[in-house]
Amino acid sequence: GSYRIRQQYNGKRYSIIVPYKPTQKEALKLVTEKMDKPENSQANSYKSLGEYMDKYISYCEKSGKSPSTIRGYESLKKNLSEDFLDIRFSDLTSADVQKELNRYGETRSSKSVKNAYGLIRSVLAKYRPEYTLMVKLPASEIKSEYEPTTKDVERIVELAKGSRYSIVIQLAILG
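Here is a short report on the structure shown in this document. (Residues numbered from 1 in each chain as written. Predicted model: local features only at pLDDT ≥ 70, side-chain atom pairs only at ≥ 80, totals over all residues. Heavy atoms only, no water.)

## Side note on the environment of K77
Thought 1: Locating K77 in the fold gives a position in helix 4 (residues 67-79).
Thought 2: Other than its neighbours up to four places away in sequence, K77 contacts G50, M53, D54, I57, L85 and L119. (Helix = DSSP H or I, 4+ residues; strand = E, 2+ residues; numbered from the N terminus. Contact = heavy atoms within 4.5 Å.)

Quick look at the structure:
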């Protein structure tokens, strides 16, 4: 198993996962180290979400993800609003993400919204792992199969009369 250490300091929540059960002293030391890391420094906090997305996409290219995945990420990023991409990465909240996903879903399918959320979640998991997103995604669309009406069947039988398929179609319909 693994153990999670959660600590809040100055209104910011820190979360660390370790493969062993740490003592209270070790946990405090790990959290202190996490707060002192350069990724939490003021210099990085001024970068926008769009810059971190570019950084994540280039990381994926270097790590050998397929070109179609990279194209999909770039397409998703291009379709997100400029206001959303300009948000400072350290200030990004679940409300911001929810608002953008709702806007994105106005003209797109629920699958596209889920793909956009997947990209945003991946970027946050890589560069801000202590933050947990809490958003509501749209329900999946249930697709029903086409069921021909009586008129459709009658039309097929009428069109097939005199052809070499008329007997086969009548057997298929009548059993």
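## A short note on the pattern of salt bridges
Thought 1: Following the criterion strictly, the structure yields four salt bridges and no others.
Thought 2: In this structure, D54 engages K77 in a salt bridge whose closest nitrogen and oxygen atoms are separated by 3.3 Å. Of the two residues, D54 is situated in helix 3 (residues 49-62) and K77 in helix 4; the sequence distance between them amounts to 23 residues.
Thought 3: The class for D54 is partly exposed, based on a relative accessible area of 41%.
Thought 4: Between E100 and R103 there is a salt bridge, with its nearest N and O atoms 2.7 Å apart. Note that E100 and R103 are positioned in helix 6 (residues 94-105) at a spacing of three residues, about one turn of the helix.
Thought 5: Owing to a relative accessible area of 5%, E100 belongs among the buried residues under this scheme. (Salt bridge = Lys/Arg side-chain N within 4 Å of Asp/Glu carboxyl O. Buried < 20%, exposed > 50% of the residue type's maximum accessible area, 1.4 Å probe, protein only.)

## Section: the packing of aromatic side chains
Think of a pair of aromatic rings as described by two things: how far the centres are apart, and how the planes are tilted against each other in angle.
Thought 1: Scanning the model with the defined rule gives four aromatic pairs in all.
Thought 2: Relative to Y127, the ring of Y52 lies with its centre 5.3 Å away and its plane at 55 degrees, an arrangement referred to as tilted. Here the residue Y52 occupies a position in helix 3, and Y127 occupies one in helix 7 (residues 110-127), the gap between them amounting to 75 residues. Each member of the pair, Y52 as well as Y127, is classed as buried.
Thought 3: Considering the side-chain rings of Y56 and Y59, the 6.3 Å spacing of their centres and the 35 degrees angle between planes classify their relative orientation as tilted. Taken together, the residues Y56 and Y59, both in helix 3 and three residues apart, mark about one turn of the helix.
Thought 4: The exposure class assigned to Y59 is partly exposed, which follows from its relative accessible area of 38%.
Thought 5: The structure contains a cluster of three or more aromatic residues connected by ring pairs, namely Y52, F89 and Y127. (Phe/Tyr/Trp six-rings, centres within 6.5 Å; stacked < 30°, edge-to-face > 60°.)

Nothing here speaks to function; it is all geometry.
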